[in-house]
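Now for the letters of each chain:
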Amino acid sequence: MSKNIPEKLKMLITHKSPVSLQPIQQSVRVQFNYDVHFTNGLFDLDNPLLAQVIAVDGEIKPKKLLVVVDEGLLKHHQRLLTKISIYAKFYEEAITLSQQPITIPGGESVKNEPKFVEQIHQLIDAGGLCRHSYVLAIGGGAFLDMVGYAAATAHRGIRLLRVPTTVLGQNDSGVGVKNGINAFGKKNFLGTFMPPYAVLNDFDFLTSLDDRDWRSGIAEAVKVALIKDANFFDSITTDADKLAHRDMKAMEKLIYRCAQLHLEHIATSGDPFEKGSSRPLDFGHWAAHKLEQITNYKLRHGEAVAIGIALDSTYSYLIGLLTESEWQNILATLKRLGFTLYVSALTEQLHQPDHPHNLFNGLTEFREHLGGQLTITLLQGIGQGIEVHQVDLSVYREAISMLQT
Ligand SMILES: NC(=O)c1ccc[n+]([C@@H]2O[C@H](COP(=O)([O-])OP(=O)(O)OC[C@H]3O[C@@H](n4cnc5c(N)ncnc54)[C@H](O)[C@@H]3O)[C@@H](O)[C@H]2O)c1
Ligand SMILES: [Zn+2]
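Chains are numbered independently. Their residues run from 1 in the order of the written sequence. Throughout, the order in which chains and ligands are written sets their labels, letters from A for the former and numbers from 1 for the latter. Only residues with pLDDT of at least 70 are given local features in this predicted model, and only at 80 or more are side-chain atom pairs given and counted; all residues enter the totals for whole chains, interfaces and linings. Where side-chain values are given, they derive from all heavy atoms of the structure, hydrogens and water being excluded.

1. Thoughts on the overall build of the protein
Step number 1: From N to C terminus, the protein includes 17 helices and 11 strands.
Step number 2: The C-alpha atoms of the protein give a radius of gyration of 23 Å, which matches the 22 Å a tight globule of 405 residues would have.
Step number 3: For the protein, the spread of C-alpha atoms along the three principal axes comes to 70 × 60 × 40 Å.
Step number 4: Categorising residues by exposure relies on relative accessible area from a 1.4 Å probe, with only protein chains included: less than 20% of the type maximum marks a residue as buried, more than 50% marks it as exposed, and the intermediate range marks it as partly exposed. Taken over 405 residues, the protein has a buried fraction of 52%.
Step number 5: Long-range contacts, defined as pairs at least 24 residues apart, comprise 75% of the intrachain contacts of the protein with a sequence gap of at least 6.
Step number 6: Values of accessible area rely on a 1.4 Å probe in the Shrake-Rupley scheme; residue burial ignores everything except the protein chains shown. A total of about 19,400 Å² of accessible surface is found on the protein, and carbon and sulfur atoms cover 52% of it.
Step number 7: Distance between charge centroids for the protein: 5 Å, based on 39 positive and 44 negative side chains. By the criteria applied, helices consist of DSSP H or I runs no shorter than four residues and strands consist of E runs no shorter than two, each listed in order from the N terminus. With C-alpha atoms as the basis for the radius of gyration, the globule rule is written as 2.2 Å multiplied by the number of residues raised to the power 0.38. Contacts: residue pairs with any heavy atoms within 4.5 Å of one another. The sign given to each residue is positive for Lys and Arg and negative for Asp and Glu; His and the chain ends receive no count. Taken as the charge location is NZ of Lys, CZ of Arg, CG of Asp or CD of Glu.

2. Some details on the site of ligand 1
Step number 1: In the neighbourhood of ligand 1, 24 residues make up the surrounding shell, with D70, E108, T165, T166 and K187 lying closest.
Step number 2: The contact in question runs from a nitrogen atom of ligand 1 to an N or O atom on the side chain of S208, over 2.8 Å.
Step number 3: Within the complex, the protein chains bury 89% of what would otherwise be the 870 Å² of accessible surface of ligand 1.
Step number 4: With 3 residues, the single largest contributor to the shell around ligand 1 is helix α7 (residues 141-153).
Step number 5: Split by residue class, the shell around ligand 1 holds 5 nonpolar, 11 polar and 8 charged. Nearness of a residue to a molecule or strand requires only that one of the residue's heavy atoms be within 4 Å of it. Between N or O atoms, a polar contact is any pair within 3.5 Å; within protein, one atom must be a potential hydrogen donor and the other a potential acceptor, and residues adjacent in sequence are included only when both atoms are from side chains. Residue polarity follows a fixed list, in which Ala, Val, Leu, Ile, Met, Phe, Trp, Tyr, Cys and Pro are nonpolar, Asp, Glu, Lys and Arg are charged, and the others, Gly among them, are polar.

3. Some words on the environment of K290
Step number 1: Along the chain, the position of K290 falls in helix α13 (residues 285-294).
Step number 2: Residues contacting K290, with those up to four places away along its chain left out, are P356, N358, L359, N361, G362 and E365.
Step number 3: Among the polar contacts made by the side chain of K290, one reaches the side chain of Q293 at a distance of 2.7 Å.

Here's what the structure looks like:
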């Protein structure tokens, strides 16, 4: 036992309480399997993928499906709702819609207002969905987080089919096991860990993204490459100009590898539901989450992550973990991808420790969200993350002023 543990706590841990009956020791193992598919034209009648995913669950009857679509997506794909209805009719042996597909706003604001979760709950109730039914959510990462939370909490869990339609959704948020909404001014304060039934990534949706959302998701790929896979980082650097100019083949390659690395981490880290204090996939995120909040979500998640990566890479360089050329390579790649690496929100309240918009409060909030001791991932080389439990704020101040200049 560590000698830092206070005497009284040591006694508590070692002392056997007087009991008349021994505790019953319970142990439950739960295995989750889900596939992440990659396709084009998901709702074309000659694409049976969705119907097949639903049909193979072993039940003979058609399965009930509630379809909810991100309004921001629908603006660019106006025939989508009709296409889904025609698709469901065509594959009626597998699918019955509980009602006509409906739309709900997308973007971060949908996570800030609890009424949308309630709306999904009402639709699940009115449609008579059960645990063998499906909620099919089609939209960006924020929309999927909100719908996923509603699906996970109705009847203690309705099957969720995710169709992510942004880069970030397809390569990160949509393929993982988390969902949630914001509350008390904090990101993802309410949420659950609940793996989806399946994920269907349709690259065709990405063509209508605006440039900011196209770019934003690339930050998550840079993040996971930097902590896990130097070759992947090299390939992002090589493809940076193509990616910045919306080359779809380069983007498909990036999304596939990024999704694969996220999925591998969830499957093999030994902590898929983040019960420990560490969360390496959140490299660059302590600052990113705070910046999103300070800017009232004007910064996209991925844009904030790019700044967070630049900041934590600069810090890693300043404390001698990264060489100057590695550090410069990271910043240059982010810039070639089109990211801005300094925003005034980094510095605005930095000298007022108690101000809610002080960036460094992001460290405390990050620790609180995870529980346990502060654990930040830094880089000790490209492709190699390292966890630290203490940071030097004066070095962070220096890192911020380096980004500024
Ligand atoms: N659950 C997780 O593990 C996890 C991981 C990372 C990020 N996230 C969350 O994901 C969210 C960010 O997701 P995002 O980057 O996808 O942004 P987003 O969901 O905010 O979408 C951005 C905008 O694009 C619109 N849109 C969606 N698809 C479109 C398309 N194909 N064409 C045109 N417009 C489209 C949306 O309506 C929205 O206005 C954040 O809330 C973040 O916290 C969750
Ligand atoms: Zn992220």
